[in-house]
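Given next are the chains, with one letter for each unit.
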Amino acid sequence: MPIQSSTILGRVMGTVGGIEGRKDFSLEAIPQRTVKRPAETTGIALHTGNRVTMRFLPAPPDHGIVFVRCDHPEGASIPACVDHVVGVNRGTTLRNGTASVHTVEHVLAALSAFGITNVRVELTASEPPIGDGSSAPYLELLEQAGVEDQPGTVPILVIEEPVYYEHRGTNMIILPGPKLMQVSCTIAFPTPALPGQYLSLDVTAHSFARELARARTFCLYEELEPLMRAGLIQGGSLDNAVVIRDGAIFSREGLRYPDEFVRHKILDIVGDLALLQQPIQGHIIAIKPGHAANVELARRIKAAAKRWTRSPIDGTRRHNMAGLERGAAVS
Ligand SMILES: [Zn+2]
């Protein structure tokens, strides 16, 4: 069923109305935040086509965002951390021990945009329900769950020097900047029938709900066909993706935004960079991004951040806007 953005925006923003205060860049840290009460949703798993239930459960301070495979013999927990990424092919896969979880990025995008730092995400299968291929269903779930701030804070990861990644025409760079998360993204298609798309925006809870959350995943038919033949995306359909074939766009309900594709790419960046487990102050410039590039940028930021501070997440990070304003790299 099509989801009405204005309804979701109103309801979710009503739930977490105070979050926009986090755009104050004099902040050094944000409050820890969890969901108020359990909430669950059931839907189709993209890979297997089976039904899967996902539950958001409150978690204590310093717990982090953790996926829990309830169908796994040991009920395995998988932290949403870049160190646990084992796959980046058409989605981001995390693993801990023998348990893995696929396609986490749309859930993580919604959680991080709304400032959730601690939540137990229980799953009855190896992936969240794909929903409509966007983050909108997970915002609905957050609305059911409610959110609440907790004791303690998470320090802001302040980008102190450019971090860069380039591979086969994909370029990712994050620059120091005064805003909590600004993303400028350009995408191109391998068909002249579709023009490239560009969008730059500050990612806040409000802009995420209004500008990004409803943007659906998309794929080229040529990429899809072998996956379908191999039985790898049994839950895939025009209900959860927009398909491009020979320059034409196939979608159950028409495009939700004229530039829906670049919006979805930014949504994916927000989800993949949530694996750093901290809000980021800096400006991301992405040209033809994908999960592999997003995750590699996250890894490089994490490695660089070790030079910048004593510990990336020890709560003692000093705020260094003064250094940034001077254009200096603070060591
Ligand atoms: Zn995506």
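A few points on the structure. Predicted, not measured: the structure shown is a model, and the values here were computed from it. Here the residue numbering is sequential within each chain, running from 1 through the sequence in written order. Reporting of local features is limited, given that this is a predicted model, to residues whose pLDDT is at least 70; pairs of side-chain atoms are given and counted only at 80 or more, and all residues count toward the totals for whole chains, interfaces and linings.

### Thoughts on the overall build of the protein chain
Line of reasoning, step 1. The way it works is that DSSP assigns letters per residue, a run of H or I at least four long becomes a helix, a run of E at least two long becomes a strand, and they are numbered from the N terminus. Helix and strand counts for the protein chain come out as 8 helices and 20 strands.
Line of reasoning, step 2. What counts as a contact is two residues whose backbone-derived C-beta atoms lie within 7 Å of each other. Long-range contacts, defined as pairs at least 24 residues apart, comprise 75% of the intrachain contacts of the protein chain with a sequence gap of at least 6.

### A short note on the nonpolar core
Line of reasoning, step 1. If you look at the biggest cluster of nonpolar residues, it comprises 83 residues, and the most contacted ones within it are Ala110, Leu111 and Val270.
Line of reasoning, step 2. As annotated, the domain borders come from an automatic or database domain assignment. Shared between two domains, this core holds at least three residues of each, these being domain 1 (25-153) and domain 2 (157-325). Any set of buried Ala, Val, Leu, Ile, Met, Phe, Trp, Tyr and Cys residues joined through C-beta atoms within 7 Å is what this text calls a nonpolar core. Any residue with 12 or fewer other C-beta atoms within 10 Å of its own C-beta is exposed, any with 20 or more is buried, and the rest are partly exposed; the C-beta atoms used are placed from the backbone.

### Some remarks on the packing of helix 4 (residues 205-212) against helix 6 (residues 260-273)
Line of reasoning, step 1. Relative orientation of the contacting elements helix 4 and helix 6 amounts to 140 degrees, with a least axis distance of 10 Å. Read as a crossing pair, helix 4 and helix 6 show a hand that is left-handed. When helix 4 is examined against helix 6, the residues Phe208, Glu211 and Leu212 are found in contact with a partner set consisting of Arg263, Ile266, Leu267 and Val270.
Line of reasoning, step 2. We call Asp, Glu, Lys and Arg charged. Ala, Val, Leu, Ile, Met, Phe, Trp, Tyr, Cys and Pro are nonpolar, and the rest, Gly among them, are polar. Within the contact of helix 4 with helix 6, the residues separate by chemical class into 5 nonpolar, no polar and 2 charged. The angle between two axes is taken between their N-to-C directions and runs from 0 to 180 degrees, where each axis is a line fitted to C-alpha atoms and a helix contributes only its stretch in contact. Handedness of a helix crossing follows the sense of rotation of the near helix relative to the far helix, less than a right angle counterclockwise being left-handed and clockwise being right-handed.

### What to know about the sheet that holds strand 12 (residues 163-167)
Line of reasoning, step 1. Think of it this way: DSSP has to see at least two bridges between two strands before they count as a pair. Ordered in space as 12-13-20-14-15, the 5 strands form an open sheet in which the pairing is mixed. Only two strands of the sheet have a single neighbouring strand rather than two, namely strand 12 and strand 15 (197-202). When strand polarity is set aside, the average angle formed by the axes of neighbouring strands in this sheet is 5 degrees.
Line of reasoning, step 2. Pairing analysis gives 6 bridges linking strand 14 (residues 182-187) to strand 15, with the strands arranged antiparallel. Its bridge partner being in strand 15, serine 184 is matched across the sheet by serine 200.
Line of reasoning, step 3. Running at roughly 130 degrees to strand 14, helix 6 makes contact with strand 14, strand 15 and strand 20 (283-287) of the sheet.

### Notes on the environment of glutamate 166
Line of reasoning, step 1. Locating glutamate 166 in the fold gives a position in strand 12.
Line of reasoning, step 2. When the 12 C-beta atoms within 10 Å are taken as the criterion, glutamate 166 is described as exposed.
Line of reasoning, step 3. Here the alpha-carbon distance between glutamate 166 and glutamate 296, two residues 130 residues apart in the chain, equals 9.7 Å.

### So, the sheet that holds strand 2 (residues 39-44)
By definition, the strands of a sheet pair up through backbone hydrogen bonds, in either a parallel or an antiparallel sense.
Line of reasoning, step 1. Within the open sheet, the 5 strands sit side by side as 2-3-9-4-5. Their pairing is mixed. For this open sheet the edge positions go to strand 2 and strand 5 (77-79), each flanked by a neighbour on one side alone. Looking at each pair of strands side by side, their axes are set apart by 20 degrees on average, direction ignored.
Line of reasoning, step 2. Here strand 4 (residues 65-69) runs beside strand 5; their pairing, made up of 3 bridges, is antiparallel. For phenylalanine 67, the partnering residue across the bridge sits in strand 5 and is isoleucine 78.
Line of reasoning, step 3. The sheet contacts of helix 3 (residues 136-145) involve strand 2 and strand 3 (51-58), and relative to strand 2 the element is tilted by about 155 degrees.

### Observations concerning the packing of helix 2 (residues 105-113) against helix 3
Line of reasoning, step 1. Here helix 2 crosses helix 3 at 45 degrees, and the two axes come no closer than 9 Å. Judged by the angle between their axes, helix 2 and helix 3 are oblique. The element helix 2 and its partner helix 3 pack so that their crossing is right-handed. Taken together, the residues of helix 3 that come into contact with helix 2 (itself represented by His106, Val107 and Ala110) are Tyr138, Leu139 and Leu142.
Line of reasoning, step 2. Residue classes in the contact of helix 2 with helix 3 are distributed as 5 nonpolar, 1 polar and no charged. Should an angle lie under 35 degrees it is considered roughly parallel, over 145 roughly antiparallel, and from 65 to 115 roughly perpendicular; all remaining angles are considered oblique.

### Focus on helix 6
Line of reasoning, step 1. Each residue after the first adds 1.5 Å to the expected span of a helix. Here helix 6 contains 14 residues, and its C-alpha end-to-end distance of 20 Å stays within 8% of the 20 Å for a straight helix at 1.5 Å per residue.
Line of reasoning, step 2. Within helix 6, 14 of the 14 residues are buried, leaving the element largely enclosed by the surrounding structure.

### Some remarks on helix 3
Line of reasoning, step 1. Most of helix 3 is tucked away: 9 of the 10 residues are buried.
Line of reasoning, step 2. Along helix 3, the residues that are buried comprise Ala136, Pro137, Tyr138, Leu139, Glu140, Leu141, Leu142, Glu143 and Ala145.
Line of reasoning, step 3. Glycine 146, located one to two residues past helix 3, shows a positive phi value of around 70 degrees.

### Quick notes on the pairing of strand 12
Line of reasoning, step 1. As paired strands, strand 12 and strand 13 (residues 170-175) are joined by 5 bridges and run antiparallel to one another. Looking at the pairing, tyrosine 164 lines up with isoleucine 173 of strand 13.
Line of reasoning, step 2. Counted along the chain from strand 12 to the antiparallel partner strand 13, the turn is 2 residues long, and its residue arginine 168 has a positive phi close to 45 degrees.

### Structural notes on the environment of alanine 209
Line of reasoning, step 1. Residue placement: alanine 209 occurs in helix 4.
Line of reasoning, step 2. For alanine 209 and alanine 110, which are 99 residues apart along the polypeptide, the C-alpha to C-alpha distance reads 8.5 Å.

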